[in-house]
Amino acid sequence: MLIKIAKPGDLRESNVTPESIYLSRRRFMGGVVGLTAGAGLALAGRAQAAAADYQDVPAGNPPGWFKPKLDNAEWNSVVPADRDLDKLAPFDDATHYNNFYEFGTGKGDPARNAASLKTQPWSVVIDGEVNNGGRFDLEDIAKPSRLQERIYRLRCVEAWSMVIPWLGIPLGDVIQRAEPTSKAKYVRFETLVAPDQMPGQDSSFALIDWPYTEGLRMDEAMHPLAILGLGMYGRELPNQNGAPFRLIVPWKYGFKSIKSIVRISLVEEQPVNSWQAIAPDEYGFYANVNPGVDHPRWSQATERRLPNSLFNPNIIDTRMFNGYAEEVSSLYQGMDLRKHF
Amino acid sequence: MPRYAFTLWRIAVFIAALVPLVYWSSQVAINAAGPEPGRYLLLNIGQGILWMLLLTLSLTPLTKLTRWKGFTLIRRQLGLWTLTYAVAHLLCYSVFILGLDLSRLGSEIVRRPYIIVGMLALTGLIAMGVTSNKWSMRKLGKRWKTLHKVVYLVLGLGLLHFLWVVRADMEQWSLYAAVGAFLMILRIPPIARQLPKARQQIKRPRRAKA
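What counts and what doesn't
Residues numbered from 1 in each chain as written. Chains lettered and ligands numbered in written order. Predicted model: local features only at pLDDT ≥ 70, side-chain atom pairs only at ≥ 80, totals over all residues. Helix = DSSP H or I, 4+ residues; strand = E, 2+ residues; numbered from the N terminus. Contact = placed C-beta atoms within 7 Å. Buried ≥ 20, exposed ≤ 12 C-beta atoms within 10 Å, placed from the backbone. Expected span 1.5 Å × (residues − 1). Bend = angle between axes of the 7 residues up to and from the residue. Pairing = 2+ DSSP bridges. Core = buried A, V, L, I, M, F, W, Y, C linked by C-beta atoms within 7 Å. pLDDT = per-residue confidence, 0-100. Axes fitted to C-alpha atoms, helices over the stretch in contact; angles between N-to-C directions. Parallel < 35°, antiparallel > 145°, perpendicular 65-115°, else oblique. Left-handed = near helix turned anticlockwise from the far one by under 90°. Nonpolar A, V, L, I, M, F, W, Y, C, P; charged D, E, K, R; others polar.

Visitor: It is not clear to me how the overall build of chain A should be interpreted in this structure. Could you clarify?
Guide: Helix and strand counts for chain A come out as nine helices and 14 strands. A separation of at least 24 residues holds for 73% of the contacts in chain A among residues at least 6 apart in sequence.

Here it is as structure tokens:
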């Protein structure tokens, strides 16, 4: 009988790049060529002083390790092709119009109530189908990757949208470092549960079964556009925006971009995300922005770009995959997006 | 109470019912209503409808409990305020959410159950509003009372409309529903008959003191 004992230098199964990722990377590189031809995004490697852009943004209180990362950030790493059409939302609007039900269901509740959230120290558990799991300080998760600024459209499932300048690291980097096994087919995310800091979790009328849970398919998670956010508007994340660590998946409805993450699990089975659990007829697992598939209670064909005013509701057409179709549509080839909404 | 006091009372109620609308509008005017002022008005006025409706429905039990004429005097006014808020709510939806695309309003009414329910409730309020005058009362006779019982249906439809809008936290809805249910319970005949007796029981100890 042959028993194989691995030598320390041997490659393990987890070192093998899954085919889907290998292919998705090739697709992405292909996409980049298309992009420079002028369609969706402009990927710019140039570092630009961001300080001038965010003069009016109040300074936060970031942990010590955040400052050097900020100084070394890659500004304008991904920006909208048409910056007049996709103008940045004012910081004040982006921080006072939030859906973060852990702090209340009103749009202003998170800004009012999120001060009680303790974001330092912060650790994240990475577990499931990985070889390099465990509990990690946020600093250690962020350390190996350079901060990148990604200016993305954020399309809420409620048919409004804003343009937000995020600062984050590629989700794919973090997953790769955890060394997923071949069984890892999905990524599951969990938000902090702390009713003493999050008054919404204390409500006995809440329908969400805490922790708030989200999920992505492995190839979605490895897509270069998917990032883990640490900051916005040239500073760290304000509490009401999901501090200190959140997901940003710009081609999906906003509720997929889970906030204040404390656990990332690589799993074999498709996770059930919180909104799907509450109302499976209204919210699916994929939740890709799709103007052709209505929410049962409203049309998704258009969106209100915020801020707007009474005299100009600023209604614009919603684009397939929120305008990122060129980059991501290949992930869903052959899928019935009406069924997998 | 002299006659002018009742006139003052009605004017005071009129102003009080107007105050929320003025307040919300002023918040919009000074840019304190957030990045989506239209939706701010839509949602606040929507809750205002329920307030007005519940206040209107509380007048009959209050009259039975106190026999104060003032409550009866403002019943029509508050009913019409409920209608006014409801019309304003629909206007906000049409203008600020649909951008005055009326063909979309048509398709939304047909397709979205919660909007159908809202429109039905509004239709009920309009039917009561246009018949809330002496001429209609005379013309309709007995049927007038029957027609105005539609208000109970409107309450149910309004609460259902609201229930389908809230999805994650039922606290606020439960409060409105509880108040609505309480006001309905007070109308169940055996309980309704107790109200005037309750008044006497409240009065008696006072007399003893005097």
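Next comes the rest of the description.
Visitor: Just to check I follow, could you spell out the overall build of chain B for this structure?
Guide: Helix and strand content of chain B: eleven helices and zero strands. The secondary structure elements of chain B, listed N-terminal to C-terminal, are α-α-α-α-α-α-α-α-α-α-α. C-alpha extents for chain B along the principal axes are approximately 65 × 40 × 40 Å. Counting every position in chain B, which comprises 210 residues, the buried fraction comes to 22%. A fraction of 65% describes how many contacts in chain B between residues 6 or more apart in sequence connect residues 24 or more apart.

Visitor: In this structure, what is going on with the interface of chain B and chain A? I would like to understand it.
Guide: When the parts come together, some accessible area is lost, and that loss is often what is quoted as the size of the interface. Tallying the contact residues gives 17 residues for chain B and 26 residues for chain A. Among the secondary structure elements, those contributing two or more residues to the side of chain B that touches chain A are α2 (37–66) and α10 (171–185) of chain B.

Visitor: Please clarify how α2(B) should be interpreted in this entry.
Guide: An α-helical turn contains 3.6 residues, so a residue and the one three or four places further along point in the same direction. Residues and elements named next belong to chain B. Taking 1.5 Å as the rise per residue, α2 with 30 residues should run 44 Å; its terminal C-alpha atoms sit 41 Å apart, in good agreement. Of all the bends in α2, the greatest reaches close to 30° and is centred on Leu59; the proline Pro61 follows between one and four positions later. The positive-phi residue at the C-terminal boundary of α2 is Arg67, with phi of around 65°.

Visitor: Just to check I follow, could you spell out the pairing of strand β7 (residues 186–191) of chain A for this structure?
Guide: Strand residues, when the strand is regular, have side chains that alternate between the two faces of the sheet. All names here are of chain A. The buried count for β7 comes to six of six residues, which makes it a mostly enclosed element. Burial along β7 is two-sided: the face carrying Tyr186, Arg188 and Glu190 and the face carrying Val187, Phe189 and Thr191 are both buried. By the bridge criterion, five bridges tie β7 to strand β8 (residues 213–217) in an arrangement that is antiparallel. If you follow Glu190 over to β8, its bridge partner there is Thr213.

Visitor: Which parts of the structure should I look at to understand the environment of Gly38(B)?
Guide: Relative to the helices and strands, Gly38(B) is located in helix α2. Overall, the presence of 23 C-beta atoms within 10 Å leaves Gly38(B) in the buried class. Sequence spacing of Gly38(B) and Val28(B) is ten residues, and the spatial spacing of their C-alpha atoms is 8.6 Å. Among all residues touching Gly38(B), those that are not within four sequence positions of it are Asn308(A), Leu310(A), Pro313(A), Cys92(B), Phe96(B) and Ile97(B).

Visitor: Just checking my understanding: could you explain the nonpolar core for this structure?
Guide: A general tendency of soluble globular proteins is for nonpolar side chains to be buried together. Residues and elements named next belong to chain A. Val124, Leu171, Val187, Ala221 and Leu247 are the most contacted members of the largest nonpolar core, which totals 75 residues. Among the elements that line this core, the one with the most residues is strand β6 (residues 160–170), at six residues. Other than its neighbours up to four places away in sequence, Ala221 contacts Leu171, Gly172, Ile175, Val187, Leu216 and Ala226.

Visitor: I keep staring at the confidence of the model for chain A and nothing clicks. Help me out?
Guide: Detailed conclusions should not be drawn from predicted coordinates in areas where pLDDT is low. Here chain A shows a mean pLDDT of 90. Residues at 70 or above account for 85%. In the model, residues 30–49 of chain A has pLDDT below 50 throughout and makes 29 contacts with residues more than four positions away in sequence or in other chains.

Visitor: Sorry if this is basic, but what is going on with the sheet that holds strand β3 (residues 123–128) of chain A here?
Guide: By definition, the strands of a sheet pair up through backbone hydrogen bonds, in either a parallel or an antiparallel sense. All names here are of chain A. Pairing within the open sheet is mixed, and its five strands lie in the order β4-β3-β12-β7-β8. Strands at the two margins of the open sheet, each flanked by one partner only, are β4 (134–137) and β8. When the angles between neighbouring strand axes are averaged without regard to direction, this sheet yields 20°. Pairing between β7 and strand β12 (residues 261–267): six bridges, direction antiparallel. The partner of Glu190 across the bridge, within β12, is Arg263.

Visitor: Honestly, the packing of helix α6 (residues 113–130) of chain B against helix α9 (residues 150–165) of chain B in this entry has me stumped. Any pointers?
Guide: Residues and elements named next belong to chain B. Where α6 contacts α9, the two axes come as close as 9 Å, and the packing angle between them is 155°. Relative to α9, the element α6 lies roughly antiparallel. Every pair of crossing elements has a handedness; the one defined by α6 and α9 is left-handed. Judged by residue contacts, Pro113, Tyr114, Val117, Gly118, Leu120, Ala121, Gly124, Leu125, Ala127 and Met128 of α6 engage Val150, Val151, Leu153, Val154, Leu157, Gly158, Leu160, His161, Trp164 and Val165 from α9. Here the contact of α6 with α9 is built from residues that sort into 16 nonpolar, four polar and no charged.

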